[in-house]
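# Report on the structure
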Amino acid sequence: MKVKDVMNPNVVFCKPDNTVREAAKILKENNISGAPILEGGELVGIISEADLLKLLIVPEKGDLWLPSPFEVIEIPIRELIGWEETKRMLSDVGSTKIEEIMTKDVHTISSEASVEEASEHMIRHRINRLPVTEDSRVVGIITRGDIIKGLAKL
């Protein structure tokens, strides 16, 4: 069985200048967990839910410290400032451009490759989808789910 037999030829994609908010909407509306990033028809990156979720990680506050009597008064103020910084950071996330967070080193596969080769490639590189390319153009996408559906038809 070849990749072209199970791939999805209707590729949902994002553009590098899409914001995180726009990309999340595209993923949600199409019920997908990732999409290639195309610019002028050329594959320039890929975005996944994992990439979007990484933006929500709040940096650690640091090591344990014991306050002096004077710092006891400052603690609530420090915590308030920290919370305000976190709120501001999270509100800015939606306007981040996809090109800033996308994976630029994209693994691809040919439509003539075997499904076994695609599966092995996904496992080896711990990825869930592969853009399918022919002559440097994206002609489809294959996911782990597509492979499983293809195997079920055997």
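What comes next concerns the included structure. (Residues numbered from 1 in each chain as written. Predicted model: local features only at pLDDT ≥ 70, side-chain atom pairs only at ≥ 80, totals over all residues. Heavy atoms only, no water.)

Okay, the overall build of the protein next. Of regular secondary structure, the protein possesses six helices and four strands. When the helices and strands of the protein are listed from N to C terminus, the series reads α-α-β-β-α-α-α-β-β-α. Across the 154 residues of the protein, 34% fall into the buried class. Contacts in the protein between residues at least 24 apart in sequence constitute 58% of all its contacts with a sequence separation of at least 6. (Helix = DSSP H or I, 4+ residues; strand = E, 2+ residues; numbered from the N terminus. Buried < 20%, exposed > 50% of the residue type's maximum accessible area, 1.4 Å probe, protein only. Contact = heavy atoms within 4.5 Å.)

Side chains on a regular strand alternate between the two faces of the sheet. The buried fraction of strand E2 (residues 42-48) amounts to five of the seven residues, a majority that puts the element mostly inside the structure. Relative to E2, strand E1 (residues 34-39) runs antiparallel, the two being bridged by six bridges. When the bridges of E2 are listed, Pro36 appears paired with Ile46. Hairpin connection between E1 and E2: a loop of two residues separates the two successive antiparallel strands, and Gly40 in this loop has a positive phi of roughly 60°. (Pairing = 2+ DSSP bridges.)

By the burial criterion, the buried members of helix H2 (residues 20-29) are Val20, Ala23 and Leu27. Looking straight down H2, one finds its buried side chains confined to an arc of 65°; they lie on one side. Those residues of H2 that are exposed and aimed more than 90 degrees away from the buried face are Arg21, Lys25, Lys28 and Glu29. Directly after H2, the chain includes Asn31, whose backbone phi takes a positive value near 55°. (Arc of directions from axis to C-beta.)

Mapping Asp51 onto the fold places it in helix H3 (residues 49-54). Setting aside anything within four residues of it in sequence, one finds Asp51 in contact with Ile46, Ile101 and Thr103.

Tallied over the full model, the rule gives five salt bridges. Here Asp51 and Lys54 are joined by a salt bridge, their closest N and O atoms 3.9 Å apart. Here the residue Asp51 and the residue Lys54 both occupy positions in helix H3, the gap between them amounting to three residues, near one helical turn. Given the relative accessible area of 54%, Lys54 is considered exposed. Of the charged contacts in the structure, one is a salt bridge between Arg124 and Glu120, with a shortest N-O distance of 2.6 Å. Here the residue Arg124 and the residue Glu120 both occupy positions in helix H5 (residues 115-125), the gap between them amounting to four residues, near one helical turn. Residue classification places Glu120 among the partly exposed residues on the basis of a relative accessible area of 38%. Within the structure, one salt-bridge network assembled from shared partners comprises Lys2, Lys4 and Glu112. (Salt bridge = Lys/Arg side-chain N within 4 Å of Asp/Glu carboxyl O.)

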